Amino acid sequence: MKKITEVLNKSHNKSDFYCGKELLDNYIRKQASQDIKKDLSACYVFCEGDNKEVTGYYTLSSNSIDRSTLPPSLTKKLPPTYVNLPTVLLGRLAVDAKHQGKGLGKLLLIDALNQCIELSKTLGIIAVIVDPIDSEAIKFYESYGFILLPGSGKMFITIKTIEKTFLV
Ligand SMILES: CC(C)(COP(=O)(O)OP(=O)(O)OC[C@H]1O[C@@H](n2cnc3c(N)ncnc32)[C@H](O)[C@@H]1OP(=O)(O)O)[C@@H](O)C(=O)NCCC(=O)NCCS
């Protein structure tokens, strides 16, 4: 699938973004650009119209996960020296309320996972982690094969599963 997002920059209009979750609205309006400047996170946006209005976005950061938090079925064949396993954190994903329910969330998720597949060709990545904001978000990610990590509230999907499941 062709990439549908662009890296967030000054030309994008994000001040009116509203997805219904205050944390995610405030993030794109006020914090995303700062996080980019500080090399903490990359933010990808989907835009519509000449005024470059942001209708959806997601963030990616490098991350690692303690091997003990992953299911033994996944880790048993990995060398014991790898205590922290390399992952990508898909920290936030949101679609403006006016555009929800039209397939954009799915397209953004596939766009993000495609980028993770590309990254995994040049950098070791065992899985993509998400940090769902609430039970609705958990259901959304579950429908794409993400698995809840007991205790942390986070979810994961392995790069191998992404490769098998999604047309990349
Ligand atoms: C969750 C969110 C990103 C989904 O985006 P969307 O554009 O409305 O979703 P889509 O129209 O692409 O739907 C894709 C699929 O997910 C399902 N889906 C959407 N929202 C869902 C939810 N809350 N729970 C379960 N499934 C959901 C849809 O039924 C659809 O399934 P289908 O392909 O089998 O028909 C969007 O509703 C949103 O921004 N919500 C507020 C922020 C949020 O909760 N983000 C979650 C990550 S922290």
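Up top is the structure these notes are about.
Residues numbered from 1 in each chain as written. Predicted model: local features only at pLDDT ≥ 70, side-chain atom pairs only at ≥ 80, totals over all residues.

Asker: Give a description of the overall build of the chain that names residues and reports values.
Answerer: A count of helices and strands for the chain gives five helices and seven strands. Helices and strands appear in the chain in the N-to-C order β-α-β-β-α-β-α-β-α-β-β-α. In terms of C-alpha radius of gyration, the chain reaches 16 Å, essentially the compact-globule figure of 15 Å for 168 residues. Once the C-alpha set of the chain is aligned to its principal axes, its extents read approximately 50 × 30 × 30 Å. Relative to its full complement of 168 residues, the chain shows a buried share of 28%. For the chain, the proportion of contacts with a sequence separation of at least 24, taken over those separated by at least 6, is 63%. (Helix = DSSP H or I, 4+ residues; strand = E, 2+ residues; numbered from the N terminus. Rg over C-alpha atoms; globule rule 2.2 N^0.38 Å. Buried ≥ 20, exposed ≤ 12 C-beta atoms within 10 Å, placed from the backbone. Contact = placed C-beta atoms within 7 Å.)

Asker: Go over unusual backbone geometry with me, naming the residues and quoting the values.
Answerer: The phi dihedral of Asp39 is positive, around 60 degrees, even though this residue is not glycine. Within the secondary structure layout, Asp39 lies in the loop between helix H1 (22-37) and strand E2 (42-48). Exposure remark for Asp39: the 8 C-beta atoms within 10 Å place this residue in the exposed category. In the Ramachandran plot, Lys52 falls in the positive-phi region, its phi being about 55 degrees despite a non-glycine side chain. Counting through the fold element by element, Lys52 comes out in the loop between E2 and strand E3 (53-66). Judged by the 15 C-beta atoms lying within 10 Å of it, Lys52 is partly exposed.

Asker: Can you explain the site of the ligand? Please cite residues and give values.
Answerer: By nearness alone, 22 residues border the ligand, and Gln100, Gly105, Lys106, Ala137 and Lys139 come closest of all. Taken together, the elements giving at least two residues each to the shell around the ligand come down to strand E4 (84-95), helix H3 (104-120) and helix H4 (135-142). Along the lines of polarity and charge, the residues of the shell around the ligand split into 10 nonpolar, six polar and six charged. (Near = placed C-beta within 6 Å. Nonpolar A, V, L, I, M, F, W, Y, C, P; charged D, E, K, R; others polar.)

Asker: Tell me about the nonpolar core, residues and numbers included.
Answerer: Ranked by internal contacts, the top residues of the largest apolar core, which has 38 residues, are Val45, Tyr57 and Val128. It is E4 that provides the largest number of residues to this core, a total of six residues. Apart from the residues lying within four places of it in its own chain, the contact partners of Val45 are Thr5, Glu6, Leu8, His12, Val54 and Tyr57. (Core = buried A, V, L, I, M, F, W, Y, C linked by C-beta atoms within 7 Å.)

Asker: Tell me about H1, and please be specific about residues and values.
Answerer: The end-to-end C-alpha distance of H1, which contains 16 residues, comes to 22 Å, matching closely the 22 Å that a straight helix rising 1.5 Å per residue would cover. Helix geometry: H1 is bent most strongly at Gln31, by close to 60 degrees. For H1, every residue scored as buried is listed here: Leu24, Tyr27, Ile28 and Ala32. As for H1, its buried residues are in contact with E2, E3 and E4. The positive-phi residue at the C-terminal boundary of H1 is Asp39, with phi of around 60 degrees. (Expected span 1.5 Å × (residues − 1). Bend = angle between axes of the 7 residues up to and from the residue.)

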